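Spelled out from the first residue to the last, the chains are:
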Amino acid sequence: MMLAFCDSATANLNVTGSITVMNPYGHFPARLYGLLPFTKFLSVLSFGLLLFWCLRCITLKKQVMNVHKMILVVLGSFFIDEILRLLNITYYNNYGSYSTTIAFTSVLFSVITRTVARCLTMMVVMGLGVTCSSLGNMGWKIAIAAIGYFVFSLWDSLSSIFSTSSSQSSLYLIPSALIDSFIYFSILQSLMKTIEDLKEKKQTSKLEIFLKLRNMIVIMVVFSAIYNGLFSYLIAKKALDSFWKYQWFFNDGIWSVFYFFILSAIVYLWTPNERSVAYAHHVQVATEEQAGGDSVSLQDGELQPRDMLDQVEVKTVDGDSNSLKPMNM
């Protein structure tokens, strides 16, 4: 602010009032402004991923299982979450304050997205859509864990916005962190169990999918640990002060990109195809002999070496032929 005086003898001037300042781009802080175009771009990407999944499910609607529906819910909530986040920061950029309704709705859908994403991950690592078409009683356990996470996570998110005491915010964080740790532990435990079961049953084609999923989770954990450690070190050394324009990406953007790539990987691994339902019930068994001395798998038509034949196990069931009925899909 500049003041001009015509009388050079003027001194000890007292100025009262208020000053409203807005940069040319709006009210959003400069160090966070990059989040606005980034959220727009991510919203377009999430819509494209959702559209692809919807078209795939519509085209192969007879092959759609519960896991595909769950992925649809996750993609839909992720897209809505990005749209609400965009509306929230756009409103602030235009008017200089947050809308209570939009902010609360954005927080709510953000918690919903995290909850359904964890449910999806638990379902996936238990083999839904690959080794089985339903989880039976395990579905109730997942639902209970999801409800618990949703309640405590929403409590934590709202308290971080409205709480004025940092000690109270930490207190609200503890239950959410504990149940989140329990969910992550259950995910890893279920994934290892599924991999071991597939190894014992020599289901090599299905095992390959879960090994890829395991590798993806390992990469995710390693990347998160390295990034958090490096970011904390750079913050302590104040090495990021000169990169203040990209603070939004270091704090929020990188995790949004990370989450989007994880969703994309799950979409790639669990995309429905013409044999999704049959594949979920399929057991990799013996192969038929070919004229050339090789054998062809009854599962996927790929040639298998002769030395794999001694690894095939065929089990019978007790009962007459009337007891053998087709599975209910």
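The shown structure was predicted, so the numbers you read here are calculated from the model rather than taken from an experiment.

Rules behind the numbers
- Residues numbered from 1 in each chain as written.
- Predicted model: local features only at pLDDT ≥ 70, side-chain atom pairs only at ≥ 80, totals over all residues.
- Heavy atoms only, no water.
- Patch = residues over 30% accessible without salt bridge, like charges linked within 9 Å, V, L, I, M, F, W, Y side chains within 5 Å.
- Areas by Shrake-Rupley, 256 points an atom, 1.4 Å probe, with all protein chains shown as cover.
- Salt bridge = Lys/Arg side-chain N within 4 Å of Asp/Glu carboxyl O.
- Helix = DSSP H or I, 4+ residues; strand = E, 2+ residues; numbered from the N terminus.
- Buried < 20%, exposed > 50% of the residue type's maximum accessible area, 1.4 Å probe, protein only.
- Phe/Tyr/Trp six-rings, centres within 6.5 Å; stacked < 30°, edge-to-face > 60°.
- Expected span 1.5 Å × (residues − 1).
- pLDDT = per-residue confidence, 0-100.

### A look at a nonpolar patch on the surface
Point 1. Where nonpolar side chains cluster on the molecular surface, the patch consists of Ile147, Val151, Phe152 and Trp155 and spans about 370 Å² of accessible area.
Point 2. Locating valine 151 in the fold gives a position in helix 4 (residues 138–162).
Point 3. Valine 151 sits in the partly exposed class, given a relative accessible area of 46%.

### Let's talk about the packing of aromatic side chains
Point 1. Under the criterion given, the structure shown has 20 aromatic pairs.
Point 2. Measuring from ring centre to ring centre gives 5.2 Å for phenylalanine 78 and tyrosine 259, while their planes differ by 70 degrees; the resulting arrangement is edge-to-face. Taken together, the residues phenylalanine 78 in helix 2 (residues 66–95) and tyrosine 259 in helix 7 (residues 247–269) connect sequence positions 181 residues apart.
Point 3. Cluster of aromatic residues (ring-pair linked, three or more members): Phe38, Phe223, Tyr227, Phe231, Trp248, Phe249, Phe250, Trp255 and Phe258.

### Some thoughts on helix 3 (residues 100–125)
Point 1. When the terminal C-alpha atoms of helix 3 are compared, their 38 Å separation across 26 residues agrees well with the 38 Å that a helix rising 1.5 Å per residue should span.
Point 2. Glycine 127 occupies a position one or two residues after helix 3 and carries a positive phi of about 100 degrees.

### Notes on the confidence of the model for the chain
Point 1. Within the chain, residue pLDDT values average 76, and 76% of them lie at 70 or more.
Point 2. Helix 1 (residues 35–59) holds the highest mean pLDDT among the elements of the chain, 93, whereas strand 2 (residues 295–297) holds the lowest, 43.

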